[in-house]
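# Summary of the model geometry
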Amino acid sequence: MADKKKRRRPDSDSDSASQPFKNLLKSDDQILQILESFTSSFSSSSTSKPLTLADLALSTTCREVSDLSLSSVQSAIESLVLQLTHQILSGQGFSFTIPSRSSSNQLYVPELDRIVLKDKSTVRPFSHISSVRKTTITAKILSLVHQLCLKNIHVTKRDLFYTDVKLFQDQIQSDAVLDDVSCMLGCTRSSLNVIAAEKGVVVGRLIFSDNGDMIDCTKMGMGGKAIPPNIDRVGDMQSDALFILLVEKDAAYIRLAEDRFYNRFPCIIVTAKGQPDVATRLFLRKMKMELKLPVLALVDSDPYGLKILSVYGCGSKNMSYDSANLTTPDIKWLGIRPSDLDKYKIPEQCRLPMTEQDIKTGKDLLEEDFVKKNPGWVEELNLMVKTKQKAEIQALSSFGFQYLSEVYLPLKLQQQDWL
Amino acid sequence: MESESPVETKKSKSKTPKKAKESILKQKSPAEFFAENKNIAGFDNPGKCLYTTVREFVENALDSAESISELPMIEITIEEIVKSKFNSMIGLVDRERIDEALYDDYETAKAREKRLAKEARAQEIQAKNAALGKKVKEHAISKGAKSRGEASFYRVTCKDNGRGMPHDDIPNMFGRVLSGTKYGLKQTRGKFGLGAKMALIWSKMSTGLPIDISSSMRGQNYISFCRLDIDIHRNVPHIHLHEKRDNKNKWHGAEIQVVIEGNWTTYRSKILHYMRQMAVITPYAQFLFKFVSDTSDKNVTIKFARRTDVMPPVPVETKHHPSSVDILLIKRLIAETSKQNLLQFLQHEFVNIGKPLAERLIGEMGPEFSPKMAVKSLTDQQIVRIHQLFRQAKFDDPSGDCLSPAGEYNLRLGIIKELHPDMVATYSGSAQVFEGHPFIVEAGVSVGGKDVKQGLNIFRFANRIPLLFEQGGDVVTRTALKRISWNNYKINQTQDKIGVFVSIVSTKIPFKGTGKEYIGDDISEIATAVKSAIQQCCIQLKSKIVKKMQAREQQERKRNLSKYIPDATNAVYDVLKEMAKSNSSKKKRYEEGDADILRKVSDHLITKETLTEKLTQHVEKVDYEMALEYATQTGVREEPREDIYLQSLDDKDAESVICMNHDAL
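What counts as what
Residues numbered from 1 in each chain as written. Chains lettered and ligands numbered in written order. Predicted model: local features only at pLDDT ≥ 70, side-chain atom pairs only at ≥ 80, totals over all residues. Heavy atoms only, no water. Contact = heavy atoms within 4.5 Å. Buried area = accessible area lost by both parts, 1.4 Å probe. Salt bridge = Lys/Arg side-chain N within 4 Å of Asp/Glu carboxyl O. Polar contact = N/O pair within 3.5 Å; in protein donor to acceptor, adjacent residues only side chain to side chain. Helix = DSSP H or I, 4+ residues; strand = E, 2+ residues; numbered from the N terminus. Nonpolar A, V, L, I, M, F, W, Y, C, P; charged D, E, K, R; others polar. Pairing = 2+ DSSP bridges. Axes fitted to C-alpha atoms, helices over the stretch in contact; angles between N-to-C directions. UniProt positions renumbered as here; feature names shortened; annotations may be inferred. Buried < 20%, exposed > 50% of the residue type's maximum accessible area, 1.4 Å probe, protein only. Phe/Tyr/Trp six-rings, centres within 6.5 Å; stacked < 30°, edge-to-face > 60°. Lys NZ or Arg CZ within 6 Å of the ring centre and 35° of its normal. Core = buried A, V, L, I, M, F, W, Y, C linked by side-chain atoms within 4.5 Å. Domains from an automatic or database assignment. Patch = residues over 30% accessible without salt bridge, like charges linked within 9 Å, V, L, I, M, F, W, Y side chains within 5 Å. Areas by Shrake-Rupley, 256 points an atom, 1.4 Å probe, with all protein chains shown as cover. Parallel < 35°, antiparallel > 145°, perpendicular 65-115°, else oblique. Left-handed = near helix turned anticlockwise from the far one by under 90°.

### Points about the interface of chain B and chain A
Reports of interface size often rely on the accessible area that becomes lost once the parts have come together. Between chain B and chain A, the contact holds 30 residues from the first and 28 residues from the second. Both sides of the chain B and chain A interface together cover about 2700 Å² of buried area, and 77% of this is carbon and sulfur. Its largest share of buried area at the contact with chain A, chain B owes to Y564, V575 and H618 of chain B, together 21% of the area lost on that side. Linking chain B with chain A are 0 salt bridges, by the criterion used here. Inspection of the region where chain B meets chain A yields 6 residue pairs in polar contact (both at pLDDT 80 or more). In terms of residue count, helix α16 (residues 565-584) of chain B provides more of the side of chain B that touches chain A than any other element does, 10 residues in total. Of the residues contributing to the side of chain B that touches chain A, the split by class is 18 nonpolar, 3 polar and 9 charged.

Below you can see the structure in the form of structure tokens.
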């Protein structure tokens, strides 16, 4: 793997006054030992097979999609179109029956620790003024996906939108219908051969094959490797990392990548630059499942940071039909946690007052099941709502730009301070 | 800013020794104070002065007519007086300029060159446009900026049919600042007795001409005529002429005439807006507005005809609410009261204190108080104690009986007249309380109309006078803009033409700033009441809008559905075609029924047209069924009818109805 001494550790006697708590740090070897023992205990405990809906006897009342081959997607579309043709020829117009993805049709299953879709469906008839547009768009998307199947190519969501801008009007509409279609056909969105543009990046101690090419993520320069949009072409993952570090923000990611944090503490660093896209979530899940590494999350200390964490962990409502493939169980909340603000004496000028909207979001989150199941999170969130203060990861830069990589994270790891 | 400060200190340092004369204790009369700070009363600049003068006269006239329950009839005339005429009026000889370069507006040779070049260029462009056949815009005659000397003067006359004034009181009513009849606790338009006096002070400052007042009271057989100005230093009237004249027409009311400096060009629209909105909120009044000048194309005559003879009741004077008084006020009430002992004083000088409550209050005040003690003997400490108790004790809210809101009917009439909206809803809230003063909020919301601009058009009224300035900070504007989610009521805030009318009446309107120009947004009681009144209107509108949308949907359903037929059939047919291909080439096997269809597709028995036709038929069928259902559901509905007011067509009114001319705006 990469040369461990690409970047020398700065001298330990550098000014500890400007970087508080630095004197608490033990040597890297000691921290590594702590981490190794944690990782080994973790991988042994997580060998059990993950539960599925069928295990809970929920498969009848909940809907879930699976990866389908191109030919089965094609025949699913074809039989649907034949049905439509029959309907039209008999003079009844036509309609689709589409699983509802509204929030009332979502269910959090604590045993699975993710959101799943219930079985409610809505009928989308052509001959109704409120649904005629969506029905037409659905038919159009079906025919487009059918073409993709015949030609066996991948296109992006943007490509799809541009095939008929006049009908779709804006991309939000074609994207939403695309999710409807994959839900209706019972397949994942990637099985439709439609991908989203690359958003996530990964850097660190990871080697994998992307469409046949071997990628070494320690040798991808500072920016790291963009996470490939089609996960089915990713394989052969190898790593000597001890953990996966999930970072919310691009800025923190760049800091860690440039400081080669993964060489000091062997790890894989991932970010989706804000709300995670499907590809990043699939990739994270794949890493976690194949490498059996603990995932530690570094997000902002605000309600949205926790929300992003929850999307990685339990899935988003929009994509709950595929939560089985998209979620990564057991993500640990490393920081920045509301309690860290005082613990690390983050100065007042770096904290921001929460807006009314923030506080409302925070209170709403407290009602969510995925927060409630973790008493530590509830406590932190309560603290946030009570103090009405938030802080971004960048608040740590007030102690110097490298405080994050040189003091904060090592100390957190040493103390195993995650929830 | 910072760089300036040292200079300033330096300056002041150098100046202080010079200025160090011993300061003399001077006293200022109220009139002097207001002359120096005339912006407090809305006399900021000549234009605003003209506006405020008109406004004060109109409001006084309305108050006066309403106080005797007479339907107001008010004539306002503004007469432009050019400089030469003004000079001859005051007996000054017009002098020609001799030394041109002495004057501020003197054009140097260089400036003239520049101007001529510019004009030539403009002409060239215009000629080019004309040659190209473009519609030539009337080139605005470049008005040279008015130089300092070029003031315009106006004679403002206001005639009403109100109460009039007692002959002997007239000098004091106009020639003494801060004397007035409206100091009681009562909903009135004016408050401080400043308006007409300020107009007089301004006329004295700008033209030096006195004010002319004619007045007669009901049943008086003479007209009092008074010409006076004000001695600003002593705050006393200075009477030129005070006499009784014949009253042949049995007229009662007042006519006031004043000559002031003003600016009609810049404040024309404000004054007209004011008149128009005044007519909205007082539809029972008749206004005749005239602007007269030498150039006849500038003349304006607008008659705002009376649209109803229903007049809101005269607001009654009320007593103070215990939670709204301060120590000074308690002392004044004690000085003025005719009651002997404390119990009677509490009982009769305040609202919402009955005998039992008064007794309980006295008991609570402490041992040195007793019901029978003489109220005039209360010490200062005891008065403070009473004040403290008034602050803390719980009293019933004052009732809104003493208020006289415009009324939903009047508001509605005004909106319909003003905007000709497609839809209008009005709401009148119940009385609420702010710092012991009752207030009532009424609102009207309209959608659509002619000559209404898109978005929110806000009309604000306080104690039935329109508020035109400082729109941005006003509680109504802010509420309408920020706290109403118009979308919820199917109203599009940017696209629809929305009219929002809010009228607030109270015994004390908490105006912000110096002039009576806006109500602050920091009083939560008023903000909440305004919000809920607007919301109530919106709720009424929503059901109307939804009905309208349904009706429109009915009409457009077929077209909207048919629009999508080509796209839908194309999508389905594209897939069918591909399937038919693979079916005929035997790449894939299909079930018998499906294979049959695919064969027909290959043989062109089922084409795109077949699908389109079938779908069109289906849409027509659905449309027919739904139209039938809609018709049976809605049935025949009748809107409730409203009374309309028809103006009597006797004698001189007949002509006035015909010359009614609201398009002039």
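From this point, the narrative continues.
### Overview of the sheet that holds strand β16 (residues 331-335) of chain A
Residues and elements named next belong to chain A. In spatial order, the strands read β11-β8-β14-β13-β15-β16; together these 6 strands make up an open sheet with mixed pairing. In the strand order of this sheet, the two ends are held by β11 (225-226) and β16, each with one partner. Bridge count for strand β8 (residues 201-204) against strand β14 (residues 267-271) is 4 bridges, and the pairing is antiparallel. The residue bridging V202 from the neighbouring strand is V270, located in β14. Of the strands in this sheet, β8, β13 (243-247), β14, β15 (295-298) and β16 touch helix α9 (residues 278-291), which is tilted by about 160° from β14.

### Some words on the environment of L576 of chain B
Structurally, L576 of chain B is set in helix α16. For the pair L576 of chain B and L598 of chain B, spaced 22 residues apart in the sequence, the C-alpha separation amounts to 6.9 Å. Those residues within four positions of L576 of chain B in sequence are excluded, and the remaining contacts are V81, L82 and T85 of chain A together with L598, V601 and L611 of chain B.

### Some words on the UniProt feature "active site" (unreviewed entry) in chain A
Per the UniProt record, "active site" (unreviewed entry) is found at Y162 of chain A. Looking at where Y162 of chain A falls in the secondary structure, it is placed in helix α4 (residues 157-162).

### Here's the deal with the sheet that holds strand β12 (residues 234-238) of chain A
Residue and element names in this part refer to chain A. In space, the 3 strands of this open sheet follow the order β10-β9-β12, with antiparallel pairing throughout. Each having just a single partner strand, β10 (213-216) and β12 make up the two edges of the open sheet. Taken pair by pair, the neighbouring strands of this sheet meet at an average axis angle of 25°, ignoring direction. Sheet topology note: the strand β9 (residues 207-210)/β10 ladder contains 4 bridges and is antiparallel. Along β10, the bridge assignment pairs F208 with I215. Most of the contacts of α9 go to β12, to which it runs at about 45°, and overall it touches β9 and β12.

### As for the pairing of strand β3 (residues 211-216) of chain B
It is a general feature of regular strands that their side chains alternate between the two faces of the sheet. Residue and element names in this part refer to chain B. Counted residue by residue, β3 has 6 buried out of 6 residues, so it is predominantly covered. Across 5 bridges, the pairing between β3 and strand β4 (residues 222-231) is antiparallel. When the sheet's bridge partners are listed, D212 is paired in β4 with R227. Linkage of β3 to β4, two consecutive antiparallel strands, is achieved through a turn of 5 residues, within which G219 is found at a positive phi near 80°. Sheet analysis places β3 next to strand β6 (residues 253-262), joined by 5 bridges and oriented antiparallel. Looking at the pairing, I213 lines up with I256 of β6.

### A few points about the packing of aromatic side chains
Under the counting rule described, the total for this entry stands at 21 aromatic pairs over all chains. Cluster of aromatic residues (ring-pair linked, three or more members): Y51, Y267, Y274 and F469 of chain B. The aromatic ring of W377 of chain A is capped on one face by K373 of chain A, whose charged end is 5.6 Å from the ring centroid.

### Focus: the nonpolar core
All names here are of chain B. Within the largest apolar cluster, 69 residues are counted, with the highest numbers of intra-cluster contacts made by V58, I78, F174, W264, I271, F287 and F289. The element best represented in this core is helix α8 (residues 264-281), accounting for 10 residues. Each of two domains, domain 1 (30-88 + 154-304) and domain 3 (404-547), supplies a minimum of three residues to this core. Once you skip the residues sitting within four places of it in the chain, I78 turns out to touch L50, V54, Y154, R155, W264, I271, F289, K290, F291 and V292.

### Some words on a nonpolar patch on the surface
A cluster of nonpolar side chains, M89, I90 and L92 of chain B, forms an exposed patch at the surface whose accessible area comes to about 250 Å². Among the structural elements, M89 of chain B can be located in helix α4 (residues 83-89).

### Here we look at the environment of K600 of chain B
Residues and elements named next belong to chain B. Topologically, K600 is positioned in helix α17 (residues 592-602). Remark: the alpha-carbon pair of K600 and A580, spanning 20 residues in sequence, is separated by 8.6 Å. When residues no more than four places from it in sequence are discounted, the contact partners of K600 are L605 and I606.

### Details of the packing of helix α14 (residues 475-483) of chain B against helix α15 (residues 524-563) of chain B
Residue and element names in this part refer to chain B. Put simply, α14 and α15 touch, their axes get as near as 10 Å, and they point 55° apart. Judged on the interaxial angle alone, α15 and α14 are oblique. Between α14 and α15 lies a crossing whose hand is right-handed. On α15, the residues touching V475, V476, T479, A480 and R483 of α14 are I526, A527, V530, K531 and I534. Grouping the constituent residues of the contact of α14 with α15 by class yields 7 nonpolar, 1 polar and 2 charged.

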